[in-house]
Structure formats: structure tokens, C-alpha cells
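# Working through the structure, step by step
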Amino acid sequence: MKSLTDSEWDILVPAPPLQQSRSYGAALVRLGARAERGLLHNVPVQVITRRGLRMIHRPPPSICLAPLARHAGVTVATSTAAGILPLITARHHAEWDVSPTSEALRKALAPKWRGHLNSSECTDISEGHDAILQDLLNKDIAQGRARGYRNLGAAFLAAWRGERLILHVSRKGGMLAAMLFLIHGAAATYLIAWTSAEGRRIEAHRAMLWHAALLLRGRGVTRIDLGPVDAGNPGLVGFKLGTGARLVNLGPTGLVLPL
């Protein structure tokens, strides 16, 4: 694999998925991994290696990963590319193109989504910093234990040096709802969210997501990854896809075969 400089990578991959971004690779290096960015058959890809395990998450769909599996160690990828022995079934994410004008974005909202936004748009939304982030992390950890999921976690976020956006709705009694977005090039990822019963009642997350789209668009972001879409949670599916986001197949996670 031919190595690429940071500037070469940024030109070739201006709006990468989170796991293919330089900031993601740099954060994992701080946590003890090795990150390599280069051209594989003229296609740019980032490979994360730790303890003999090569991990390639969300590379370009046209890439052939087989050459990497010919080296010592195990190569695992989440990809729609050929030559992968699936271990975990394919995941689907909602990706929202926020490059159009705000008027066009609003028109593309599902009618019900837009109606709820109209009634919640006056919500007082603030940008948060470290204290709000810590509060959000604590609440997300507790929520994850109750619902059986786990996010990237505090260690990763402590190692993250890229841009981020934290939005929250708070009153004298404390935080009602909050969201965290990581910004990587011209793309962003909706990573963590939490809401209280009161935050849910006032549709705080809907107002915050719309506000985030406009703020991120103003910072040069063209696409927001809204995260996984799970048919078992139709309410969350409607919340994400109601923005006008498209469903993207990430492919299965599995072993890359040395074809």
C-alpha cells in the first residue's frame, strides 16, 4: 500500500466516514493502535492495526482488500466490497445530505417531522463544552447499560482532537437533553444523544438535530451520518429518516479473504 501524506489524504477523501477520517486514526494511535493511510490499487483507505489485528471500517465500496489479508495477522473489515467472509450481518446507517439550502432541507422533511419541528423550534438551544460533555457521557453510559448498547466511550473522546459540536437544552433544574457530533472533514457523525422525559415532551432532540444541521452546514459540512437504523426501533427509524436522510448499506463485518 502506497502511503499518503495528510494533505494528499484530505484532497482525496474530503468527506470521509468517521472511521476513515484522520482524526479517528489519530485518536486510536493515542490509545495504542497504529494507523496507516494509503492507496490500495489507487483507492484511498485507512487501516487500523492493533495486536496483529487489522481493522478496516467503511472503506470505499470499490476497493479490493484481499492484498492486505496476505500479510501476517488477521484482517477484518466492515464493507460491501467482495471477498469478505461475514461474521456479523450487514448494518445500515442513515446519512443526511445537508448541502442544499435551508429552505430545500426543510421542504425535504417528512410532513409529520416538519410539523413537530414547527412546534419545537422555539426551544432554547445552547452549545456546550467539557462540563456538558461529561454530564452527557455519564447519562449515556447509564442509558446504554439499561438498553444494552455501548458507544465509543470516554477514552476515545478524550483522545479525539478533531472538531466537535455539543448542543444541549438546559434549565435551572439541569440538563433536559443533549447531542454530540464529531466533525471530520466535510462530514459529521451524530454520536451520542440523551433526553429526559421533559426533553422528550418538548421535542428537544428534533429541534437540536435541525439546529445542528444548519450549524454544521455553516461550518462546511455536507453530510451527517445519523448512525444505525434498526427496524426493531421504528420510532428512531422515523426520527432519522424523516429528515430526508437516505439509507446506506455498510455491508457485513467479517474476515477479509486473501483471494
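Here, the structure is the one placed above.
Now for a description of the structure that goes with this document. Since this is a predicted model, take the numbers as computed values, not measurements.

About the cut-offs
- Residues numbered from 1 in each chain as written.
- Predicted model: local features only at pLDDT ≥ 70, side-chain atom pairs only at ≥ 80, totals over all residues.
- Heavy atoms only, no water.
- Helix = DSSP H or I, 4+ residues; strand = E, 2+ residues; numbered from the N terminus.
- Rg over C-alpha atoms; globule rule 2.2 N^0.38 Å.
- Buried < 20%, exposed > 50% of the residue type's maximum accessible area, 1.4 Å probe, protein only.
- Contact = heavy atoms within 4.5 Å.
- Areas by Shrake-Rupley, 256 points an atom, 1.4 Å probe, with all protein chains shown as cover.
- Lys, Arg positive; Asp, Glu negative; His and termini not counted.
- Charge placed at Lys NZ, Arg CZ, Asp CG, Glu CD.
- Core = buried A, V, L, I, M, F, W, Y, C linked by side-chain atoms within 4.5 Å.
- Arc of directions from axis to C-beta.
- Salt bridge = Lys/Arg side-chain N within 4 Å of Asp/Glu carboxyl O.
- Phe/Tyr/Trp six-rings, centres within 6.5 Å; stacked < 30°, edge-to-face > 60°.
- Lys NZ or Arg CZ within 6 Å of the ring centre and 35° of its normal.

Further remarks concern the overall build of the protein. Each helix and strand counted, the protein has 9 helices and 12 strands in total. Expected size for 259 residues packed as a compact globule is a radius of gyration near 18 Å; at 19 Å, the protein falls within 12% of this value. Overall, the C-alpha framework of the protein stretches about 55 × 35 × 35 Å when taken along its three principal axes. Per-residue burial for the protein yields a buried fraction of 48% across its 259 residues. Relative to all contacts within the protein whose residues are 6 or more apart in sequence, the contacts with residues 24 or more apart total 67%. Accessible surface computed for the protein: about 12,900 Å², of which carbon and sulfur atoms make up 55%. Computing the positive centroid from 31 side-chain charges and the negative centroid from 18, the protein places the two 5 Å apart.

What follows covers the nonpolar core. If you look at the biggest cluster of nonpolar residues, it comprises 35 residues, and the most contacted ones within it are Trp96, Phe181, Leu216 and Ile224. At 8 residues, the largest contribution of residues to this core is made by helix H8 (residues 204-218). If you look at the next biggest cluster of nonpolar residues, it comprises 22 residues, including Ala27, Ile48, Ala178 and Ile192.

Attention shifts here to helix H4 (residues 111-120). Along H4, the positions that sit buried rather than exposed are Trp113, Leu117 and Ser120. Axial view of H4: buried residues confined to an arc of 70°, hence all on one face. The outward face of H4, more than 90 degrees from its buried face, is lined by the exposed residues Pro111, Lys112 and Ser119. Looking at the buried residues of H4, the elements they touch are helix H3 (102-108), H8 and helix H9 (234-241).

Following the criterion strictly, the structure yields 15 salt bridges and no others. We note a salt bridge from Glu121 to Arg106, for which the minimum N-O separation is 2.6 Å. With Glu121 in the loop between H4 and strand S7 (126-127) and Arg106 in helix H3, this residue pair connects regions lying 15 residues apart in the sequence. By relative accessible area, Glu121 is classed as partly exposed at 35%. Arg106 gets classed as partly exposed once you look at its relative accessible area, which sits at 22%. As a salt-bridge pair, Asp135 and Lys139 come within 2.7 Å of each other at their nearest N and O atoms.

What follows covers the packing of aromatic side chains. Summed over all chains, the structure comprises 4 aromatic pairs. Seen in terms of ring centroids, Tyr24 and Phe156 are 5.5 Å apart; in terms of plane orientation they differ by 50°. Their pairing is tilted. Separated by 132 residues along the polypeptide, Tyr24 in helix H2 (residues 22-30) and Phe156 in helix H6 (residues 154-159) bring together distant segments of the chain. As far as the burial class goes, Tyr24 and Phe156 line up, both buried. Ring geometry for Trp113 versus Phe239: centroids 5.9 Å apart, planes at 25°, classification stacked. A residue pair is termed long-range when its members are at least 10 positions apart, and Trp113 in helix H4 and Phe239 in helix H9 qualify at 126 residues. Of the two residues, Trp113 and Phe239, both sit in the buried class. Counting every residue linked through ring pairs, the aromatic cluster contains Tyr24, Phe156 and Trp160. Lying across the ring of Trp194, Lys139 places its NZ or CZ 5.2 Å from the centre. Stacked on the ring of Trp113, the Lys or Arg Arg206 has its end atom at 5.0 Å from the ring centre.

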